[in-house]
There are 2 protein chains.
Amino acid sequence: MTAPTIPADLAQWCSAQAVRMQDELFDFLRIPSVSARTEHVSDCAAAAQFVADALTRIGLTTTIEPTPGHPIVVGEWRGAGPDAPTLLVYGHYDVQPAEPLELWTSPAFEPTVRDGRIYARGSVDDKGQLYLHIKALEAHLAVRGTLPVNVIVLAEGEEEVGSAHLEQFLEREKTRLACDAVVISDSTMFAPGIPSILSSLRGMAYLEITVRGAAGDLHSGMYGGAVVNPAMALARILASMHDADGRIAIPGFYDTVQPFPDAVRAQMRALPFNDAQLMHEVGVTALGGEPGYTTLERLWTRPTCEVNGLLSGYTGEGAKTVLPAVSMAKVSFRLVPDQHPDAIAALVRAHVEQVTPPGVTVHVENLHGGRPWRADLTGPIIEAGKRALEAAFGRAPVITGEGGSIPVVGDFERILGAPVLLMGFGLPGENAHAPDEWISVENYHGGIRAAATLLDEYRAAVG
Amino acid sequence: MTAPTIPADLAQWCSAQAVRMQDELFDFLRIPSVSARTEHVSDCAAAAQFVADALTRIGLTTTIEPTPGHPIVVGEWRGAGPDAPTLLVYGHYDVQPAEPLELWTSPAFEPTVRDGRIYARGSVDDKGQLYLHIKALEAHLAVRGTLPVNVIVLAEGEEEVGSAHLEQFLEREKTRLACDAVVISDSTMFAPGIPSILSSLRGMAYLEITVRGAAGDLHSGMYGGAVVNPAMALARILASMHDADGRIAIPGFYDTVQPFPDAVRAQMRALPFNDAQLMHEVGVTALGGEPGYTTLERLWTRPTCEVNGLLSGYTGEGAKTVLPAVSMAKVSFRLVPDQHPDAIAALVRAHVEQVTPPGVTVHVENLHGGRPWRADLTGPIIEAGKRALEAAFGRAPVITGEGGSIPVVGDFERILGAPVLLMGFGLPGENAHAPDEWISVENYHGGIRAAATLLDEYRAAVG
């Protein structure tokens, strides 16, 4: 087989249309489609409409499917005929909340280019990485009037809140959504210029723990020492979740963890990774974590327990001597095969109830969960992905893991019976879920070229 | 000595003026003089002016003394002559923040009477208890045109933030403020109808602990497991402050604690106190605290460590998978003799630095401190207080302790060399420092009568 290249007709069109394709993305990024906040329901609807319009405009048959939450957009192009394979492109149009707003250099929903990066909430997670596929489809349809394979585009609006209605939608529509492979771009490259195929994702169990003491806030002098403090009780509950060495101390937590294959661990250890660089990137002077594992193994192959938010009592300026009535922690667990989110949530709940002292009550709410995933790294879509990435970025991709969660990946494989290619264009330090989120301008356009090339390579690989 | 009674002339005047005296208090309570918040600086100035006007109007010579913080109001009446004793009345016109506002039944700064209680921020702590002394002075001056002793009224505006400038003011003005006794009403009665003299107060060391990790918030999937989580680190720091039994585990913390005299402990144990009633009052099903002590002993005679506030990461609706960059806890320690707030703060700081894990940094800020205090329960002002309370409430007062802090009490004794009478008119469940703060209407007017009688009784006791 010859070294892969980007088809010249597509490459030329992409160059000519680059500015417009970036301007369109900016319009998409301006919609504050925060799925977690009820006040953004209409913005999520507007983002769904934006995607639907973009698909219809380039020639796909498009519907907006209501769900009990935010709608799902489906675009279809069946012109390659029943003998050609069908590729499903998945992405999400919803974004994380933008708070704390004051830490953004430029406004979260006013995309701004600085130093070769497009800064905006959703730029990399996942609007930019969804839209680059739509533009890749446009390239084919504009230049050639056709696509080499049948294509389904599925864009949901609840990925950031656990994709509550996607699984059920896939089940209901599995005939219409039947496909031979799925491609998802919602991940990062290992490093700039090093294209990557993701081989594993962590799952997630996300809980909110609320500890309640007295019926109302009390004066800490008049009641302190006799009425149990729910904020102190919460601290003790949270501290009990790790042992002194950094292992998770919730009974049964590791019971279902399957070690990663030695070959995968060996390959991960061979990647050019440097703890000092990570420390510099995030601005810390030491790393931590579970003993006995490298940093990449901790991030990609081991489960975690993290506090995502804490709130209790008085948090304003100065000193208020209050004994709070209530305390709250958002706590999430990243999971690895074969941990199941519901089973982990049950273990956590049992542990929390066990360690909560008398005098306060605890409520553990399951906010969302997603299963962990590992890829089977063979087959035409993986081969096509490797060649498309090499064509677009000039070097063969590396195989990586990732610590983040795309809970739906396992659902696609299980329900549609199709292998999933995870081909991401984010980069380390991209601030997904944090202020100043960005996608590299180069990777947005490189992603369009890779996604366009993927269609030809996939058709060729299937034969 | 005969059983004490309220002088008939004063009693009659107090009844006739009751409505007006309550209306005036309402005007005082409407001023949102929150000393902790910079946006309320002008409200604090307005409250100082209100007090000054109230003193001037009844015949005292009044000045408003600027400080680097909120001003101090001083009113003087020297008409009893150099041979008569001088009584200093202390109170504060500043109040705690009113948040959370949504938990108030009626607005915090719109005083409202319900079920015989005046609800408003500052009603009991301390505007109501300061103003009742001013009205007691007015009773004497209006009815008799004179006072039986010389009187100084000193009202500060920084009690709720640690009285940062009072000590220095007392030092500077100690000649002008020279007095034979001090009376302070900023505490509670043991129960409705049981007047009380406070014999001890706990001190306070109030710290803010800030733990910083990465330079910005991170995606908890991409970095979780390798980058140390400052919210989890904070939970471990806070949990390390108590041992499993509820004793404070900070090395050296108890070293300077002097046990209360057996006689005082015995008297406290004889008070009609009922754990079940406290549990009902605050809405809990169990109490907690240091082993080996009764609830009253825990509240009055033992030091504490309480979390007053917690904040980190994402605290809004739904699930945000963020690894926070920073976490904050407000932590306060109630102190007993001979613990010194600066020494305790230093012990806490050393302990916190010791237990903070690598990968995060910790900053401990000393927000304020106050010394604990115990009374010498003898002498004319104590005798006068007992008789005045019996006169106004129909039974002899009990001697109590209190868990709260009035840090300035020790300063008055030390700098002015005068004994302090703590004669409070609050009640259990009054919600000082919490939503729906109230003072009993009966105790406000009973306090006026007690304070008015105190002047006669004190003159008589000095002889």
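Residues numbered from 1 in each chain as written. Chains lettered and ligands numbered in written order. Predicted model: local features only at pLDDT ≥ 70, side-chain atom pairs only at ≥ 80, totals over all residues.

**Brief notes about the overall build of chain A**
Step number 1: Helix and strand counts for chain A come out as 14 helices and 18 strands.
Step number 2: The C-alpha extent of chain A, read off along each of the three principal axes, is 80 × 50 × 45 Å.
Step number 3: By residue count, 58% of the 463 residues in chain A fall in the buried class.
Step number 4: Sequence-distant contacts in chain A: of pairs separated by 6 or more residues, those separated by 24 or more amount to 79%. (Helix = DSSP H or I, 4+ residues; strand = E, 2+ residues; numbered from the N terminus. Buried ≥ 20, exposed ≤ 12 C-beta atoms within 10 Å, placed from the backbone. Contact = placed C-beta atoms within 7 Å.)

**Focus on the interface of chain B and chain A**
Step number 1: The partner chain A presents 81 residues to the 81 residues of chain B that form the contact.
Step number 2: Every element with two or more residues in the side of chain B that touches chain A is listed here: β10 (218-219), α6 (220-223), α7 (230-239), α10 (295-300), β11 (304-313), β12 (322-323), β13 (326-335) and β14 (361-370) of chain B.
Step number 3: With 9 residues, β11 of chain B is the largest single contributor of residues to the side of chain B that touches chain A.
Step number 4: Taken together, the residues of the side of chain B that touches chain A sort by class into 36 nonpolar, 32 polar and 13 charged. (Nonpolar A, V, L, I, M, F, W, Y, C, P; charged D, E, K, R; others polar.)

**Let's talk about the relation of the copies chain B and chain A**
Step number 1: Each copy superposes on the other: chain B lies on chain A with an RMSD of 0.1 Å after a rotation of 180° and an axial shift of 0.0 Å. When the rotation and shift are considered jointly, the pair of chain copies conforms to a two-fold rotation axis.
Step number 2: Both copies share a contact surface, since 100% of the interface residues of chain B are interface residues in chain A too. (Least-squares fit on C-alpha atoms with pLDDT ≥ 70 in both.)

**Some thoughts on the pairing of strand β8 (residues 196-201) of chain A**
All names here are of chain A.
Step number 1: Counting buried positions along β8 yields 6 of 6 residues, so the element is predominantly enclosed.
Step number 2: Sheet topology note: the β8/strand β16 (residues 398-402) ladder contains 5 bridges and is parallel. Its bridge partner being in β16, Leu201 is matched across the sheet by Glu402.
Step number 3: Pairing between β8 and strand β15 (residues 373-374): 2 bridges, direction antiparallel. In the sheet register, Leu201 faces β15, and the bridge partner there is Trp373. (Pairing = 2+ DSSP bridges.)

**What about helix α3 (residues 41-58) of chain A?**
Residue and element names in this part refer to chain A.
Step number 1: Over its 18 residues, α3 extends 27 Å from the first C-alpha to the last, a length consistent with the 26 Å expected when each residue adds 1.5 Å.
Step number 2: Among the residues of α3, those classed as buried are Asp43, Cys44, Ala47, Ala48, Phe50, Val51, Ala52, Ala54 and Leu55.
Step number 3: Where α3 is buried, its residues contact α2 (18-29), β1 (61-65), β2 (72-77), α4 (123-144) and β6 (150-156).
Step number 4: Immediately beyond the C-terminal end of α3, within one or two residues, lies Gly59, with a positive phi of roughly 120°. (Expected span 1.5 Å × (residues − 1).)

**Here's the deal with the sheet that holds β6 of chain A**
Residues and elements named next belong to chain A.
Step number 1: Spatially, 6 strands are ordered β1-β2-β6-β3-β7-β17 in an open sheet, and the strand pairing comes out mixed. Both edges of this open sheet fall to β1 and β17 (420-422), since each of them pairs with a single strand only. Averaged over all adjacent pairs, the angle separating strand axes in this sheet is 20°, with direction ignored.
Step number 2: Two elements, strand β3 (residues 86-92) and β6, share 7 bridges in a ladder whose sense is parallel. Residue pairing for β6: His92 is matched across the bridge by Glu156. (Axes fitted to C-alpha atoms, helices over the stretch in contact; angles between N-to-C directions.)

**Structural notes on unusual backbone geometry**
Step number 1: The omega torsion of the bond from Pro337 of chain A to Asp338 of chain A falls at 0°, within 30 degrees of zero and hence cis.
Step number 2: Looking at the secondary structure, you find Asp338 of chain A in the loop between β13 (326-335) and α11 (341-355).
Step number 3: With omega at 10°, the peptide bond leading from Asp125 of chain B into Asp126 of chain B counts as cis.
Step number 4: Note that Asp126 of chain B resides in the loop between β5 (117-119) and α4 (127-144).
Step number 5: Non-glycine residue Asn431 of chain A carries a positive phi angle of around 65°.
Step number 6: Structurally, Asn431 of chain A is set in the loop between β17 and β18 (438-440).

**What to know about the packing of helix α1 (residues 8-16) of chain B against helix α14 (residues 441-462) of chain B**
All names here are of chain B.
Step number 1: In contact at an axis separation of 10 Å, α1 and α14 are set at 150° when each is read in the N-to-C sense. Classed by the angle they form, the pair α1 and α14 counts as roughly antiparallel. Taken as a pair, α1 and α14 cross one another with a handedness that is right-handed. Listed contacts from α14 to Leu10, Ala11 and Cys14 of α1 are His445, Ile448, Arg449 and Ala452.
Step number 2: Within the contact of α1 with α14, the residues separate by chemical class into 5 nonpolar, 1 polar and 1 charged. (Parallel < 35°, antiparallel > 145°, perpendicular 65-115°, else oblique. Left-handed = near helix turned anticlockwise from the far one by under 90°.)

**Considerations on the sheet that holds β15 of chain A**
Step number 1: As summarised here, the arrangement of the 3 strands in space is β15-β8-β16 (chain A), forming an open sheet in which the pairing is mixed. Edge strands, defined here as strands with exactly one partner in the open sheet, are β15 and β16 of chain A.

**What to know about the packing of α1 of chain B against α4 of chain B**
The relative placement of two packed helices is expressed as an angle between their axes plus a distance between the axes.
Residues and elements named next belong to chain B.
Step number 1: Closest axis-to-axis distance for the α1/α4 pair is 10 Å, and the angle between their directions is 110°. When the axis of α1 is compared with that of α4, the two are roughly perpendicular. Residue-level inspection shows Asp9, Leu10, Trp13 and Cys14 of α1 in contact with α4, the latter providing Ala139, His140, Ala142 and Val143.

**What about the confidence of the model for chain A?**
A low pLDDT means the predicted coordinates there should not be read in detail.
Step number 1: Per-residue pLDDT for chain A has a mean of 95; in total, 100% of the residues score no lower than 70.
Step number 2: Interface confidence for the predicted complex, expressed as ipTM, amounts to 0.76; the pTM equals 0.77. (pLDDT = per-residue confidence, 0-100.)

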